[in-house]
Amino acid sequence: MKTARYQITHETHYRYAAPVSLSQQLLHLQAREMPYQTCLQQQLSIQPEASDSQALQDSFGNPYTRLAFNQPHDELLVVSTMTIEVLPRQLADFKNSMPWQKVVDVCRYQGQQSYSSELVNALPYRFQSPYIPLKHQFADYAASCFDKDKPLLLAVQDLMHKIFKEFTFDPKATHIGTPLLEVLEKKRGVCQDYAHFMIACLRSLGLPTRYVSGYLLTHPPEGQPRLIGADASHAWLAVYCPILGWVDFDPTNNLIPSTEHITMAWGRDFSDVSPLRGVILGGGSHDLDVRVTVMPITE
């Protein structure tokens, strides 16, 4: 598997029915730097010009930008352009990963026990978050994949296969606020639902799991050109495995992420890493247009 390079354009355009007098926005539109991923170029274009702009880092280590607009405006256009290099990742030995019950035990609080910094950083991903509750129904759904003493990563992979087989990708079935119990009942949704649901299953078993936001290289039908603006943000997850570290899984596509996945940010769920979110004063109703293009540089 070869190193891949991508040109990524993410355009967000708000058009407001009435002028917005004040606005505060948070942007997660800069890729994380990691051993297997490097941002070679990053440009952020904003119209109108922000009254104040700050480049910061959130509590999960993600780079983000805070914008303030103190002048009236009736539209907001944010265009992020990046050149990203992604290297092949070394695949973990799933069969030799720690038994899943032992991972649960390691991640339980035990008085007077000392914890490594790696484990301390992983433990917040065991608990429920705004979009991901902990329920016995989620643990029950995953139970058939988690036999006694089964290696953690093999069990997680089996759960990924199960979700991919039993769920249907349907952009009209849900919205960002659809409860996960309803997602389980319908077994339909988009990548955010797949990721949130699988995370809920793993956390309900006591396993630290984080939500990963980024992009995925899509492949146009044979003989057809790649469409500009036809891509979208993508979501998957990573589970913590002692000794081996964090391992990514993509339940929407039933695969282990590699050079075709570009990582932007991670957190407890989508609410921590939304590409653009904020508050406005005024504006009334609005129209939102989002266009994403992931273009291999070799093309």
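Quantities reported herein were computed from a predicted structural model and do not represent experimental measurements. (Residues numbered from 1 in each chain as written. Predicted model: local features only at pLDDT ≥ 70, side-chain atom pairs only at ≥ 80, totals over all residues. Heavy atoms only, no water.)

### Things to note about the overall build of the chain
Looking only at helices and strands, the chain features seven helices and 13 strands. Radius of gyration (C-alpha) of the chain: 20 Å, near the 19 Å computed for a compact globule of 299 residues. With the principal axes as the frame, the chain shows a C-alpha extent of 60 × 45 × 40 Å. Counting contacts in the chain only where the partners sit at least 6 residues apart, residues at least 24 apart contribute 77% of the total. When the 25 positive and 30 negative side-chain charges of the chain are each reduced to one mean point, those points stand 6 Å apart. (Helix = DSSP H or I, 4+ residues; strand = E, 2+ residues; numbered from the N terminus. Rg over C-alpha atoms; globule rule 2.2 N^0.38 Å. Contact = heavy atoms within 4.5 Å. Lys, Arg positive; Asp, Glu negative; His and termini not counted. Charge placed at Lys NZ, Arg CZ, Asp CG, Glu CD.)

### Concerning the nonpolar core
The biggest cluster of nonpolar side chains holds 49 residues, and the ones touching the most others in it are Phe-146, Leu-159, Phe-197, Met-198 and Phe-249. The biggest single contributor to this core is helix 6 (residues 191–204), with nine residues. Setting aside chain neighbours within four positions, we find Phe-146 in contact with Trp-100, Ala-155, Val-156, Leu-159, Leu-202, Leu-205 and Leu-207. Membership of the second largest hydrophobic core comes to 25 residues, among which are Leu-76, Val-78, Tyr-215 and Val-294. (Core = buried A, V, L, I, M, F, W, Y, C linked by side-chain atoms within 4.5 Å. Buried < 20%, exposed > 50% of the residue type's maximum accessible area, 1.4 Å probe, protein only.)

### Some remarks on the packing of aromatic side chains
A ring pair, where both rings are aromatic, is described by two values, the distance of the centres and the angle of the planes. For the structure shown, the criterion picks out 12 aromatic pairs. Consider the rings of Phe-94 and Phe-249, whose centres lie 5.8 Å apart with planes at 45°: the pair is tilted. Taken as a pair, Phe-94 in the loop between strand 5 (73–86) and helix 1 (100–106) and Phe-249 in strand 10 (residues 245–249) lie far apart in primary sequence, 155 residues in all. The pair Phe-94 / Phe-249 is uniform in exposure class, with both members buried. Summarising the aromatic geometry, the rings of Tyr-141 and Phe-167 are spaced 6.2 Å apart at their centres and angled 85° between planes, so their arrangement reads as edge-to-face. Taken together, the residues Tyr-141 in helix 3 (residues 136–142) and Phe-167 in the loop between helix 4 (152–166) and strand 6 (168–169) connect sequence positions 26 residues apart. Phe-167 carries the same exposure label as Tyr-141, and that label is buried. One aromatic cluster in this structure is built from Phe-138, Tyr-141, Phe-167, Phe-169, Tyr-194 and Phe-197. Against the face of Trp-266 rests Arg-32, its NZ or CZ located 3.7 Å from the ring centre. (Phe/Tyr/Trp six-rings, centres within 6.5 Å; stacked < 30°, edge-to-face > 60°. Lys NZ or Arg CZ within 6 Å of the ring centre and 35° of its normal.)

### Comments concerning the pattern of salt bridges
One pass over the structure, following the stated rule, counts eight salt bridges. The closest approach of N and O atoms between Glu-182 and Lys-186, which form a salt bridge, is 2.8 Å. With Glu-182 and Lys-186 both in helix 5 (residues 180–186) and four residues apart, the pair spans about one turn of that helix. Since its relative accessible area comes to 39%, Lys-186 is described here as partly exposed. (Salt bridge = Lys/Arg side-chain N within 4 Å of Asp/Glu carboxyl O.)

### Here's the deal with the side chain of Asp-193
Structurally, Asp-193 can be placed in helix 6. Despite its burial, Asp-193 pairs with no opposite charge; the closest candidate is Lys-186, at 9.5 Å N-O. At 2.8 Å, the side chain of Asp-193 and the backbone nitrogen of Val-190 are in polar contact. Not counting the four nearest positions on each side in its chain, Asp-193 is found in contact with Thr-174, His-175, Leu-180 and Val-183. (Polar contact = N/O pair within 3.5 Å; in protein donor to acceptor, adjacent residues only side chain to side chain.)

### Some thoughts on the packing of helix 4 against helix 6
As a packed pair, helix 4 and helix 6 sit with axes 11 Å apart at the nearest point and diverge in direction by 140°. Considering their axes alone, helix 4 and helix 6 lie oblique with respect to each other. Here helix 4 runs over helix 6; the crossing is right-handed. On helix 6, the residues that touch Val-156, Leu-159, Met-160 and Ile-163 of helix 4 are Tyr-194, Phe-197, Met-198, Cys-201 and Leu-202. Looking at the contact of helix 4 with helix 6 residue by residue, the class counts come to nine nonpolar, no polar and no charged. (Axes fitted to C-alpha atoms, helices over the stretch in contact; angles between N-to-C directions. Parallel < 35°, antiparallel > 145°, perpendicular 65-115°, else oblique. Left-handed = near helix turned anticlockwise from the far one by under 90°. Nonpolar A, V, L, I, M, F, W, Y, C, P; charged D, E, K, R; others polar.)

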